[in-house]
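# Report on the structure
These are the residues of each chain, in order.
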Amino acid sequence: MFNEFSAVEALISRYDYGGAMELMEDAGFENYDLVVVLDSCRYAINFDFKSAMKKLYLLSDEYKEKKEMKELKKNLEDLIHGKPDVILSELLENIKFQIVNEEYIDFLGRVYRFKEALFKYMFVKKNLNKNKFSFHVPMMSKRNILKVLRKKYKIYNSNLVYSISNYLNKYAKEDYKFMEVEKILNSERMNQLIELRNDSIVGHGFVGVSIDDIYKTYGNPYQVLDDFEICLKKLEIDIIKYKYSDLNKLLIEELRYISVKPYVKSGFPFE
């Protein structure tokens, strides 16, 4: 028989941690470690990593010692510090969420953001003489990048991706890895996908976007993830795959354990 536990499991599988948390809290499980992790994930997928980290301090001492929780804490620390591998991996996971949940306008918005982030990364890496790199360095801002492009390289276009592409083709042709990534990011079908975004509500218009539109323009939307992964590998960025899928397995296992505990209080709505 269908019950609320099944609903919670379905929500977790779709990365709807807020919805799963609300159902658990309504049933009186607000103090359970499972709910704490759901709350942390709810903040993390919205890139509020500091709040996600704070939530983990509410875990029981026993749960904090779990290998998965230690890994999650380290991951959040790296995200807070703006490490490129974890930031870009997180954004890649975020794109996957939109595909799973069939939220194609938000999917296009994340695709645009990922493309821009990679161009910014390539430009700053070429121009910042530091071994340690963070997405939080001041030079990563659009304003500062455009300023350098104007003053140092005499590139005056205000379109960030166009300007960095121009820079790469003029000053970084010897870096074949960068040029291969530039070719993927500026492919005809990628640009057509960005045009869909520009015409939508997250761009400059009000045109809707369906899965058929994605297929006609690019093919299977998961191919976008594959192409972005190729870019990251060419840039020698370590990809952290399945972070949330692995967390979901832990959460669902915990949920199923809770559902059969003989001492769960009676009278709650989960029957």
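Keep in mind that what you see is a predicted model, and the values were worked out from it rather than measured. (Residues numbered from 1 in each chain as written. Predicted model: local features only at pLDDT ≥ 70, side-chain atom pairs only at ≥ 80, totals over all residues. Heavy atoms only, no water.)

### Notes on the pattern of salt bridges
The full count for this structure, using the stated rule, is 16 salt bridges. A salt bridge links Lys 126 to Asp 175; the nearest nitrogen and oxygen atoms lie 3.9 Å apart. Of this pair, Lys 126 sits in helix 8 (residues 104-127) while Asp 175 sits in the loop between helix 10 (160-171) and helix 11 (176-185); the two residues are 49 residues apart in sequence, bridging distant segments of the chain. The closest approach of N and O atoms between Arg 189 and Asp 227, which form a salt bridge, is 3.0 Å. Of the two residues, Arg 189 is situated in helix 12 (residues 188-199) and Asp 227 in helix 14 (residues 221-234); the sequence distance between them amounts to 38 residues. Given the relative accessible area of 32%, Arg 189 is considered partly exposed. The class of Asp 227 is buried, set by a relative accessible area of 8%. (Salt bridge = Lys/Arg side-chain N within 4 Å of Asp/Glu carboxyl O. Helix = DSSP H or I, 4+ residues; strand = E, 2+ residues; numbered from the N terminus. Buried < 20%, exposed > 50% of the residue type's maximum accessible area, 1.4 Å probe, protein only.)

### Comments concerning the packing of aromatic side chains
Two aromatic rings are characterised by how far apart their centres lie and by the angle between their planes. By the definition in use, this model includes 15 aromatic pairs. An aromatic cluster is defined as three or more aromatic residues linked by ring pairs; in this entry it consists of Tyr 15, Tyr 17, Phe 97 and Tyr 244. The residue whose ring lies beneath Lys 126 is Phe 178, and the NZ or CZ to ring-centre distance is 5.8 Å. Above the face of the Tyr 112 ring, Arg 197 is positioned so that its terminal group lies 3.8 Å from the ring centre. (Phe/Tyr/Trp six-rings, centres within 6.5 Å; stacked < 30°, edge-to-face > 60°. Lys NZ or Arg CZ within 6 Å of the ring centre and 35° of its normal.)

### Quick notes on the environment of Tyr 104
Looking at where Tyr 104 falls in the secondary structure, it is placed in helix 8. Overall, the relative accessible area of 13% leaves Tyr 104 in the buried class. Expressed as a C-alpha distance, the spacing of Tyr 104 and Ser 210, which sit 106 residues apart in the sequence, is 6.6 Å. With near-sequence residues (within four places) excluded, Tyr 104 lies in contact with Ile 99, Val 209, Ser 210, Ile 211 and Ile 214. (Contact = heavy atoms within 4.5 Å.)

### Structural notes on unusual backbone geometry
Trans peptide bonds make up the majority, and among non-glycine residues the majority have a negative phi. Of note in this structure, Phe 47 is not a glycine but carries a positive phi near 65°. If you trace the backbone, Phe 47 turns up in the loop between helix 3 (33-44) and helix 4 (49-56). Even without being a glycine, Lys 154 presents a positive backbone phi close to 60°. Relative to the helices and strands, Lys 154 resides in the loop between helix 9 (142-153) and helix 10. For Lys 154, a relative accessible area of 53% translates into the label exposed.

### A few points about the side chain of Asn 127
In this fold, Asn 127 is placed in helix 8. Residue Asn 127 is classed as buried on the basis of its relative accessible area of 15%. Sequence-distant contacts of Asn 127, that is, excluding residues within four places in its chain, are made with Met 139, Lys 152, Tyr 153 and Tyr 167.

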